[in-house]
Amino acid sequence: MIINIPRGTKDILPGETEKWHAIEELIRDTCRLFQYKEIRTPIFEHTELFTRGVGDTTDIVQKEMYTFTDRGDRSLTLRPEGTASVVRSYVENKLFGLPNQPVKLYYMGPMFRYERQQAGRFRQFFQFGVEAIGSNDPSIDAEIIALAMNVYKKAGLKKIKLVINSLGDTESRIAHRNALIDHFSPAISQFCSDCQNRLLKNPLRILDCKVDRENELMAKAPKLPDFLNAESAAYFKKVKHYLDILNIKYEVDPNLVRGLDYYNHTAFEIMSEGKGFGAISTLAGGGRYNGLVEDLGGPEVPGGIGFAMSIERLLLALEAEGEIIETTDSLDVYVVAMGEAAKDKAVSFVSLLRQNNITAEMDFLDRKVKAQMKSADRLNAKFSVVIGDNELESGIVSLKYLANGKQQDLTFEKIIEDFTEIASRAMEELA
Ligand code: HAM
């Protein structure tokens, strides 16, 4: 019996992995430019971290977590997102005590959510996320957004849209919450049981219910921006001001509330507007989470802000825009051997090429010369050399540039010594 891959997961095979490497490299480069440092946290955490951090009335916690009991009877959960883990680590490792604040961190890795599989939605997906913890300066909100936009632009996306909103501070949110309760209470019996439960616990979460999305009360629900107090409105204005300075265009969407409970003030999403992109057009989401450090047992410090994006959706968006990702994994030299003695030389020459940082490949199936040459073509090798008795005797081989068939006779040593120069000359001639 064949055992299939679990629903909502996928294998990433050679041909595809090179694209992932290119994106990951681009991400690391961007984080270096912006001075964010990598953090690696475990793939599973105590379940309580997410119920407290993400919020026990969210879809993520109520419906989507992979939770299990380990042999020591502890409830553990495969991480559905990265922010709660990063803040836990910030508290546990007392990063608030570091001299340089805010602490600017990034992470990449698999996240797990039990969701219905569709284009761009997986049960295991790979997130890149960024968190800046320990500053309430609106300019860092703009920096975080700029970083996300930078990654997409460098990857080649053109049709993207930034949508922002403010969820306000605690006072503003309480005012909005009360208005939501007043709005939904009279008709709550029309809503699903989850929404009914959420009414008093967390009415904001009714707004991202997937079941009652079409109910007319949803569109008419009180909007957050109408409840912002002066301080929150001023903060939002400053964020927009810095986005203007950075020349980042945005749309304000008063309906953007995000699906996790830790947010306040700035909330944002980046959407793909590429034709052919699936129903789920959100590429990245993030926002500010003042108070999360305290909620997870840390000291009172200035707040944090971050975002996350999945690489899967980034690749889908690139495909929808017809953008090709440049990959660097190419083969420099394919070494063809004719006969036993030549095979010995091929083994040692391939090894020497590799020691000198020249990518090299050879045949391992004892194939005829013609078949070996075919392999060189299929692998898209830049050059090939054929080693036979003559070459062994003279110590000279023909190095063939496969793009135009031009050959030059060189010693084995010379090929290694001058390879960079030979390769760039061959490319120039072709151009
Ligand atoms: P989120 O909106 O739940 O936020 O997820 C962020 C991004 O992760 C989404 O925009 C999408 O790119 C990707 N994503 C989420 N679920 C899936 C899925 N099932 N399949 C593929 N991709 C998915 C967070 O996770 C927050 N931790 C972001 C954040 C960081 N906020 C502050 N700091």
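Undergrad: Would you mind going over the nonpolar core in detail, with residue names and values included?
TA: In terms of nonpolar packing, the biggest core is built from 50 residues, with Val87, Tyr90, Phe184, Phe191 and Ile206 touching the most fellow members. Among the elements that line this core, the one with the most residues is helix α4 (residues 83-92), at 5 residues. Those residues in contact with Tyr90 that lie beyond four places of it in its chain are Leu95, Phe96, Gln101, Val103, Ile133, Gly134, Val293 and Val301.

Undergrad: A description of the site of the ligand should follow, citing residues and the corresponding values.
TA: Taken together, the neighbourhood of the ligand is formed by 28 residues, with Glu81, Glu115, Phe122, Tyr263 and Leu283 sitting nearest. Here an oxygen atom of the ligand sits 2.9 Å away from a polar atom, N or O, in the side chain of Arg258. Leu283 places a main-chain nitrogen or oxygen 2.7 Å from an oxygen atom of the ligand. A total of 660 Å² of accessible area belongs to the ligand in isolation, and the protein chains cover 96% of it. When residues of the shell around the ligand are traced back to their parent elements, those giving at least two are β6 (124-133), β10 (282-288) and β11 (304-310).

Undergrad: Talk me through the side chain of Asp363; I want residue IDs and the actual numbers.
TA: Tracing the sequence through the fold places Asp363 in the loop between β13 (360-362) and α13 (369-378). With a relative accessible area of 5%, Asp363 lands in the buried category. In this structure Asp363 touches Tyr334, Val335, Lys343 and Gln372, once residues within four positions along its chain are discounted.

Undergrad: Tell me about the sheet that holds strand β9 (residues 264-272), and name the residues and values.
TA: Spatial strand order, β1-β5-β6-β11-β10-β9-β7-β8: 8 strands in an open sheet with mixed pairing. A single partner strand is all that each edge strand has here, and the edge strands are β1 (37-38) and β8 (251-252). As paired strands, β1 and strand β5 (residues 103-112) are joined by 2 bridges and run parallel to one another. Note on β5: the bridge partner recorded for Lys37 is Leu105.

Undergrad: Mind laying out the packing of helix α1 (residues 17-34) against helix α11 (residues 311-320), listing which residues take part and the relevant values?
TA: Contact pair α1 / α11: the axes reach a minimum separation of 11 Å and the direction vectors enclose 110°. In terms of orientation, α1 lies roughly perpendicular with respect to α11. Of α11, the residues touching α1 (which contributes Lys19, Trp20, Ile23 and Ile27) are Ile311, Glu312, Leu314, Leu315 and Leu318. In terms of residue class, the contact of α1 with α11 is built from 7 nonpolar, no polar and 2 charged.

Undergrad: Talk me through the environment of Ala279; I want residue IDs and the actual numbers.
TA: If you trace the backbone, Ala279 turns up in the loop between β9 and β10. The spatial distance from the C-alpha of Ala279 to the C-alpha of Gly120 is 8.5 Å, given a sequence separation of 159 residues.

Calculation criteria
- Residues numbered from 1 in each chain as written.
- Predicted model: local features only at pLDDT ≥ 70, side-chain atom pairs only at ≥ 80, totals over all residues.
- Heavy atoms only, no water.
- Core = buried A, V, L, I, M, F, W, Y, C linked by side-chain atoms within 4.5 Å.
- Buried < 20%, exposed > 50% of the residue type's maximum accessible area, 1.4 Å probe, protein only.
- Helix = DSSP H or I, 4+ residues; strand = E, 2+ residues; numbered from the N terminus.
- Contact = heavy atoms within 4.5 Å.
- Near = heavy atom within 4 Å.
- Polar contact = N/O pair within 3.5 Å; in protein donor to acceptor, adjacent residues only side chain to side chain.
- Areas by Shrake-Rupley, 256 points an atom, 1.4 Å probe, with all protein chains shown as cover.
- Pairing = 2+ DSSP bridges.
- Axes fitted to C-alpha atoms, helices over the stretch in contact; angles between N-to-C directions.
- Parallel < 35°, antiparallel > 145°, perpendicular 65-115°, else oblique.
- Nonpolar A, V, L, I, M, F, W, Y, C, P; charged D, E, K, R; others polar.

Purely geometric stuff here, so don't read any function into it on its own.
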